[in-house]
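Below are the chains, spelled out letter by letter.
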Amino acid sequence: MIRAGRGGTFATDWVENNIIGIGWDFNGLDIANMDRDQIGAAYAAAHPAESKQKVATSVGQVFRFAHSMEQGSTVVMYDPAERLYHIGVISGPCSPVPEPEGITYTRAVTWNKTAPRDVLSQSSKNSLGGIQTIFAISAISNMFDEDIWNTVN
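Residues numbered from 1 in each chain as written. Predicted model: local features only at pLDDT ≥ 70, side-chain atom pairs only at ≥ 80, totals over all residues. Heavy atoms only, no water.

Q: Quick one: what's the story with the packing of aromatic side chains, residue by residue and with numbers?
A: Taken as a whole and assessed by the stated rule, the structure comprises four aromatic pairs. On the numbers, 6.1 Å between centres and 50° between planes, the contact of F26 with Y43 is tilted. Taken together, the residues F26 in the loop between β1 (19-22) and α2 (36-46) and Y43 in helix α2 connect sequence positions 17 residues apart. In terms of burial, F26 and Y43 fall into one category: buried. Relative to Y105, the ring of F26 has its centre 6.4 Å away and its plane inclined at 65°; by these criteria the two rings are edge-to-face. Of this pair, F26 sits in the loop between β1 and α2 while Y105 sits in strand β5 (residues 105-116), placing them 79 residues apart in sequence. The residues F26 and Y105 share a single accessibility class, namely buried. A cation over an aromatic ring shows up here: R36 above the ring of F63, its NZ or CZ 4.3 Å from the ring centre. (Phe/Tyr/Trp six-rings, centres within 6.5 Å; stacked < 30°, edge-to-face > 60°. Helix = DSSP H or I, 4+ residues; strand = E, 2+ residues; numbered from the N terminus. Buried < 20%, exposed > 50% of the residue type's maximum accessible area, 1.4 Å probe, protein only. Lys NZ or Arg CZ within 6 Å of the ring centre and 35° of its normal.)

Written out as C-alpha cells, the structure reads:
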C-alpha cells in the first residue's frame, strides 16, 4: 500500500501517468543502488535536526520504495476524493524525478483494477488504514468477495 500524498493529492496524477512516487529529497541520488545504511547516512546528513526515530522511520519508508517494492509486485493506492482503491503492478525501477515538484522519485505502475471502498469489509478497511506512507498488507484478493472482483474495473 502506498499513500498518494496527504489527502490523496497525487492520486489522479498517478493513475493518469501510470506511476507511484515518494517525496523524500536526496538531491537526485540513485537510492535504488544504495543500501539501507547509505540511505540512512544521506537522509541524516540532509536532516541533521531530526530525531533518530524520525530518521529511522523515514529511511525505512524510502528503502521500501526503492528496494522492497519490486517490479512485478502488486501495489494498492487509495484515492479518497473518489473513494476508490486502485490496484496495479509495479512495472519499472525506482527513478529520480529530473525536476521534482513534491515527488522526487517514481516507479512505473500498470493500474489494472479499481474497487470502491464501500465494498470492503470493516476488517479489510482496517488493514488498509495504516498511517505510514508505505506498508505491507495481506493479499489484496482476500479483501474482496469473488462476486465483487467480477464487478470492479
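Following the structure, the description resumes.
Q: Before we move on, could you go through α2 and cite the residues and values that matter?
A: When α2 is considered as a whole, its buried residues turn out to be I39, G40, A42 and Y43. Viewed end-on, α2 has its buried residues packed into an arc of 170°, placing them on one side of the element. Exposed residues pointing more than 90 degrees away from the buried face of α2 are listed as D37, A41 and A45. Taken together, the buried residues of α2 touch α3 (52-68). (Arc of directions from axis to C-beta. Contact = heavy atoms within 4.5 Å.)

Q: Any details on α3? Residues and values, ideally.
A: Of the residues making up α3, those classed as buried are V55, S58, V59, G60, Q61, V62, F63, F65 and A66. Considering only its buried residues, α3 is in contact with β1, α2 and β5.

Q: Summarise the packing of α2 against α3; cite the residues concerned and give the values.
A: Running from N to C, α2 and α3 point in directions that differ by 130°, and their axes come no closer than 9 Å. When the interaxial angle is binned, α2 and α3 end up oblique. Relative to α3, α2 is oriented so that their crossing is right-handed. Residues R36, I39, G40, Y43 and A44 of α2 form the contact with α3, whose own contacting residues are K54, V55, S58, V59, G60, V62, F63 and H67. (Axes fitted to C-alpha atoms, helices over the stretch in contact; angles between N-to-C directions. Parallel < 35°, antiparallel > 145°, perpendicular 65-115°, else oblique. Left-handed = near helix turned anticlockwise from the far one by under 90°.)

Q: An account of the side chain of D79 is needed here, citing residue identities and associated values.
A: Looking at the element boundaries, D79 is found in strand β2 (residues 74-79). Buried within the structure, D79 lacks any salt-bridge partner; its nearest side chain of opposite charge belongs to R83, at an N-O separation of 10 Å. What D79 contacts, discounting residues up to four positions off in sequence, is A11, T12, L84 and H86. (Lys, Arg positive; Asp, Glu negative; His and termini not counted. Salt bridge = Lys/Arg side-chain N within 4 Å of Asp/Glu carboxyl O.)

Q: I'd like a description of the pairing of β2, backed by residues and values.
A: Counted residue by residue, β2 has five buried out of six residues, so it is predominantly covered. Of the strand pairs in this sheet, β2 and strand β3 (residues 84-90) are connected by six bridges, and their pairing is antiparallel. For V76, the partnering residue across the bridge sits in β3 and is I87. Two successive antiparallel strands, β2 and β3, enclose a turn made up of four residues, where R83 displays a positive phi of approximately 55°. (Pairing = 2+ DSSP bridges.)

Q: If you had to explain the confidence of the model for the protein to someone new, which residues and values would you point to?
A: Do not read the predicted coordinates in detail wherever pLDDT is low. Averaged over every residue, the pLDDT of the protein is 83; the share at 70 or more is 78%. The low-confidence segment residues 146-153, where pLDDT is below 50, has 13 contacts with residues more than four positions distant or belonging to other chains. (pLDDT = per-residue confidence, 0-100.)

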